[in-house]
Amino acid sequence: MENLEALMHGFSVAISFQHIALMIGGVLLGILVGVLPGLGAPNGVTLLLPLTFSMDPVSAIILLTSTYWGALFGGSTTSILFNIPGEPSSVATTFDGHPMARQGKATEALTTAFLSAGFGAFVGIVVITLLSGFVTSFALRFAPPEYFAVYFLAFASFVAFGGGAPMKTVVSIVTGFALATVGMDIVSGGMRLTFDMPELIRGVSFLVVVIGLFGIGELLLTMEDSLEFKPVATTLSPKRVLAAACALPRHWVALARSATVGIWMGITPGGPTAASFMSYGLARRFSRNGANFGRGEPEGVVSPETADHAAGTAAMLPMLALGIPGSATAAVMLGGLMIWGLNPGPMLFIEQRDFVWGMIASMYLSNIVAVVLVLATVPLFAAILRLPFTIVAPLIVVVCTISAWSVASAGFDLWLMLVFGLVGWGMKKLDYPIAPLVLAMVIGDKAEDAFRQSMIISHGSFGVFWSNPLVGGIATLGLALLLWPVVSMVLRKMRRAA
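Residues numbered from 1 in each chain as written. Predicted model: local features only at pLDDT ≥ 70, side-chain atom pairs only at ≥ 80, totals over all residues. Heavy atoms only, no water.

The name given to the protein chain in an unreviewed UniProt entry is Tricarboxylate transporter, with the source organism recorded as Teichococcus deserti.

Structure follows, in structure tokens:
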């Protein structure tokens, strides 16, 4: 009841003409940032941060969070239309979103993605409203062993529920880990896997790899399949937007499951990317239409989008309550709080009541604004696919090249993009899953840091991962999922023998 009264006070702070205008402007800027694969939400928020120095903290955080939501929606747009993830967390959306678009269902795919994202964000905000007090004490229980256990669970769930050959999944994960270790070791300061190449000292950029694997790799596959590039048929009728919206409640199980996964991975430092991959893997394993995943199954769009936005929203809670950012964008906003003279932590909810609850109230409003704006632009986005592929393909190459160049303005990145385009083509031809590789690149360094810190704390004993019920439960579940393919194979052989 106390939180509800505080939320009503927050609405009185957030609802003003100036703040609504900032929400609209922030969402539109975020959509633009998300559509361009080389930028992404963290970079977009970083670019806007200097503009907020002259604002009051409430107006500043409203602008930044609105840009964040818009960027998440924009990343889904390019994932579905061009198979180029605008955001790392949008990679899983490409698996079924792009096939739906190629089948002439771009309007349905975009509508499903946007509404699922809106639902996930709404659930995340409700959780922040209700659990702002409880999660502070819960999150304080997380140390490096708990962090590693969460990351390990994310990888193990892919091995168990990925749907492909488990050994191929493991190979993809190991490859992603190897790419994540290239460059300077932040613990020892030594160089790893650089092969005396100065360009590799800064590591292999995740964005360059993703652009190559998905953007260039998909173009190579399309060129191989057919030399005749035909336009993708799509209808711009608003009726199809409404029909897709009416069909969404049929996936209520996936919505509920994915929102739960997203909130868990947002509050713990798993992040939106790990949440979207884990949710997609669980949906593929337990859905009645699991065999259709990867071929344009709507539930394959609902699951990652819901988890992505639920995690992105829930990540704000540990950032405010503990000063522990659950995502890269939350880390940028954490820096903004400190610049504005605010100290994140439990006392922030007491000393800066107007700011905290004004921000939470604005999150309700800005997500509604974001869903309305992106739904209004669905026909515009879908119209892009009416262009012949002979026109779209060069545009995709240009976008990929500009995006790869914008990462570090290095010509070496352009060569890496082409190399990973060939790698993506080869992995798809050999039926190796790309998603585990991407996931390992995204959170591999975090998992490594947490593991090494855990070993330092325990003097090299693996028993630290069962030192208390929380970390022990997560680690045991991760081991069970990792061994599940072996157990299921043994059970199948026993049934055949019987």
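Picking up where we left off.
S.K.: Would you mind going over the overall build of the protein chain with me for this structure?
M.R.: In terms of helices and strands, the protein chain carries 23 helices and two strands. Per-residue burial over the protein chain gives 58% buried out of 498 residues. Summarising the internal contacts of the protein chain: among those between residues at least 6 apart in sequence, 78% fall at separations of at least 24. Entry remark: accessible area of the protein chain is about 20,800 Å², with carbon and sulfur atoms responsible for 70%. (Helix = DSSP H or I, 4+ residues; strand = E, 2+ residues; numbered from the N terminus. Buried < 20%, exposed > 50% of the residue type's maximum accessible area, 1.4 Å probe, protein only. Contact = heavy atoms within 4.5 Å. Areas by Shrake-Rupley, 256 points an atom, 1.4 Å probe, with all protein chains shown as cover.)

S.K.: Teacher, can you tell me more about the side chain of threonine 67 here?
M.R.: As for its placement among the helices and strands, threonine 67 is situated in helix α4 (residues 57–82). With a relative accessible area of 1%, threonine 67 lands in the buried category. If near-sequence neighbours (up to four positions away) are discounted, threonine 67 is found in contact with Gly26, Val27, Gly30 and Leu48.

S.K.: How should I be thinking about the confidence of the model for the protein chain in this particular structure?
M.R.: Fine structural detail should not be taken from predicted coordinates in areas where pLDDT scores are low. Chain-level statistics for the protein chain give a pLDDT mean of 78 and a share of 84% at 70 or above. The element-level mean pLDDT for the protein chain is lowest in helix α7 (residues 134–139), coming to 60, with helix α14 (residues 299–314) highest at 88. (pLDDT = per-residue confidence, 0-100.)

S.K.: For this particular structure, what's the right way to read the packing of aromatic side chains?
M.R.: The geometry of an aromatic ring pair is captured by the separation of the ring centres together with the interplanar angle, meaning the angle of the planes. Under the defined criterion, the tally for this structure stands at 12 aromatic pairs. Taking the centre distance of 6.2 Å and the plane angle of 20 degrees together, the rings of phenylalanine 148 and phenylalanine 152 count as stacked. Taken as a pair, phenylalanine 148 and phenylalanine 152 lie in helix α8 (residues 144–161) at a separation of four residues, close to a single helical turn. Aromatic rings pair up to connect Phe148, Phe152, Phe451, Phe462 and Phe465 into one cluster. The positively charged end of lysine 168 is found above the aromatic ring belonging to tyrosine 432, 5.1 Å away from the centroid. (Phe/Tyr/Trp six-rings, centres within 6.5 Å; stacked < 30°, edge-to-face > 60°. Lys NZ or Arg CZ within 6 Å of the ring centre and 35° of its normal.)

S.K.: Can you walk me through the packing of helix α12 (residues 252–267) against α14 in this structure?
M.R.: Angle between the axes and distance between the axes are the two parameters that describe a pair of packed helices. Put simply, α12 and α14 touch, their axes get as near as 7 Å, and they point 35 degrees apart. Two packed elements cross with a definite hand, and for α12 against α14 that hand is right-handed. Residues Ala254, Leu255, Arg257, Ser258, Ala259, Gly262, Ile263, Gly266 and Ile267 of α12 touch α14, and the partners they reach there are Glu299, Val302, Ser303, Thr306, Ala307, Ala310, Ala311 and Ala314. Across the contact of α12 with α14, the residue classes break down as 10 nonpolar, five polar and two charged. (Axes fitted to C-alpha atoms, helices over the stretch in contact; angles between N-to-C directions. Left-handed = near helix turned anticlockwise from the far one by under 90°. Nonpolar A, V, L, I, M, F, W, Y, C, P; charged D, E, K, R; others polar.)

S.K.: What is the right way to look at helix α9 (residues 166–180) in this model?
M.R.: Helical geometry note: an α-helix holds 3.6 residues per turn, so side chains three or four residues apart project in the same direction. Helix length check: α9 (15 residues) gives 21 Å between terminal C-alpha atoms against 21 Å at 1.5 Å per residue, within 8%. If you check which residues of α9 are buried, you get Thr169, Ser172, Ile173, Gly176 and Leu179. Across the axial projection of α9, the buried residues extend over an arc of 120 degrees, all falling on one side. Summarising the geometry of α9, the exposed residues directed more than 90 degrees from the buried face are Met167 and Val174. (Expected span 1.5 Å × (residues − 1). Arc of directions from axis to C-beta.)

S.K.: What exactly am I supposed to notice about helix α13 (residues 271–286) here?
M.R.: Here α13 spans 23 Å end to end across 16 residues, near enough to the 22 Å set by a 1.5 Å rise per residue. Most of α13 sits inside the fold, with 13 of its 16 residues counted as buried.

S.K.: Help me understand the environment of glycine 10, please; the structure alone is not making it clear to me.
M.R.: Its location among the elements puts glycine 10 in helix α1 (residues 2–14). You can call glycine 10 buried: its relative accessible area is 0%. Not counting residues within four places of it along the chain, the set of residues in contact with glycine 10 comprises Trp357, Gly358 and Ala361.

S.K.: I would appreciate a short explanation of the pattern of salt bridges in the present structure.
M.R.: Where charged atoms of side chains with opposite charge meet at close range, the side chains can pair. Within the structure shown, the criterion is met by three salt bridges. Glutamate 299 is paired through a salt bridge with arginine 257; the nearest N and O atoms lie 3.5 Å apart. Of this pair, glutamate 299 sits in helix α14 while arginine 257 is found in helix α12, placing the two residues 42 residues apart along the sequence. Between glutamate 448 and arginine 452 there is a salt bridge, with the nearest N and O atoms lying 3.2 Å from each other. A residue pair is termed a helical-turn pair when its members lie 3 or 4 positions apart in one helix, as glutamate 448 and arginine 452 do in helix α22 (residues 435–458) at four residues. Looking at arginine 452, the relative accessible area reads 24%, which means it is partly exposed. Salt bridges here are not isolated pairs; linked through shared partners, they connect Arg192, Glu448 and Arg452. (Salt bridge = Lys/Arg side-chain N within 4 Å of Asp/Glu carboxyl O.)

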